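Observations on the model geometry
Here is how the chains run, residue by residue.
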Amino acid sequence: MAQDLLDVTFAALADPTRRAILARLAHGEATVTELAEPFAMSQPAISKHLKVLERAGLVARGRDAQRRPCRLVAEPLKNANEWLGGYRRHWDEAFSQLDLVLEGELQHPERRDETDRPLA
C-alpha cells in the first residue's frame, strides 16, 4: 500500500507543469484560474493536472462561497522525502569515503599506484 502511494506521488511529480502548480500552492491557496495564469494552456488542461495531483493526495480543494480554492497537502511529499532519505544516506557515505581517498592521494601522491596515474 505504501509503495502504491509512492508510485502515485512520483508519477504526479514527473510532470513539470504539476511541479510548478505545487510550487505555486506552497505559497498559499489558489483557484484554478489563478493557477492557469502562468501557463499557455486552458483551464480544463490545468484541471486535468489538478485531478492527477488530487488522486496522489498532493492537492485538496475547498469551498469558499463561489470559489473552490486548491491547497497543497504536503504529507505525500514528506513520505517521498523519507523514502529518498535512505538513498541520500547511501550517497553521503559513499562521497565521504571518496573524500577520504582523495584527501589521502593529494597529501601523499607517491602512494598512488602506477595504474591510477592519468595517461599522458
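The shown structure was predicted, so the numbers you read here are calculated from the model rather than taken from an experiment. (Residues numbered from 1 in each chain as written. Predicted model: local features only at pLDDT ≥ 70, side-chain atom pairs only at ≥ 80, totals over all residues. Heavy atoms only, no water.)

**Details of the environment of Arg 55**
Mapped onto the elements of the fold, Arg 55 is located in helix α4 (residues 43-55). For the pair formed by Arg 55 and Thr 9, sequence separation is 46 residues and the distance between their alpha carbons is 8.9 Å. (Helix = DSSP H or I, 4+ residues; strand = E, 2+ residues; numbered from the N terminus.)

**Notes on the pattern of salt bridges**
Scanning the model with the defined rule gives two salt bridges in all. Here Arg 61 and Glu 54 are joined by a salt bridge, their closest N and O atoms 3.2 Å apart. Judged by its relative accessible area of 25%, Arg 61 falls in the partly exposed class. On the accessibility criterion, Glu 54 (29% relative accessible area) is partly exposed. Residue Lys 78 pairs with Glu 82 through a salt bridge whose shortest N-O separation is 3.2 Å. You can see Lys 78 and its partner Glu 82 sitting in helix α5 (residues 75-107), four residues apart, about one turn around the helix. The exposure class assigned to Lys 78 is partly exposed, which follows from its relative accessible area of 43%. (Salt bridge = Lys/Arg side-chain N within 4 Å of Asp/Glu carboxyl O. Buried < 20%, exposed > 50% of the residue type's maximum accessible area, 1.4 Å probe, protein only.)

**Here's the deal with the packing of aromatic side chains**
As enumerated under the stated definition, the model contains three aromatic pairs in all. Plain terms: the ring middles of Trp 83 and Tyr 87 are 5.0 Å apart, the flat faces sit at 55° to each other, and that makes the pair tilted. With Trp 83 and Tyr 87 both in helix α5 and four residues apart, this pair spans about one turn of that helix. A relative accessible area of 36% means that Trp 83 is categorised as partly exposed. (Phe/Tyr/Trp six-rings, centres within 6.5 Å; stacked < 30°, edge-to-face > 60°.)

**What to know about the nonpolar core**
Counting 16 residues, the largest nonpolar core has Leu 35, Leu 50 and Leu 53 as the members making the most contacts within it. Every element with two or more residues in this core is listed here: α1 (2-13), α2 (16-25), α3 (32-36) and α4. Sequence-distant contacts of Leu 35, defined by excluding residues within four places in its chain, comprise Ile 21, Arg 24, Leu 25, Ala 30, Ile 46, Leu 50 and Cys 70. (Core = buried A, V, L, I, M, F, W, Y, C linked by side-chain atoms within 4.5 Å. Contact = heavy atoms within 4.5 Å.)

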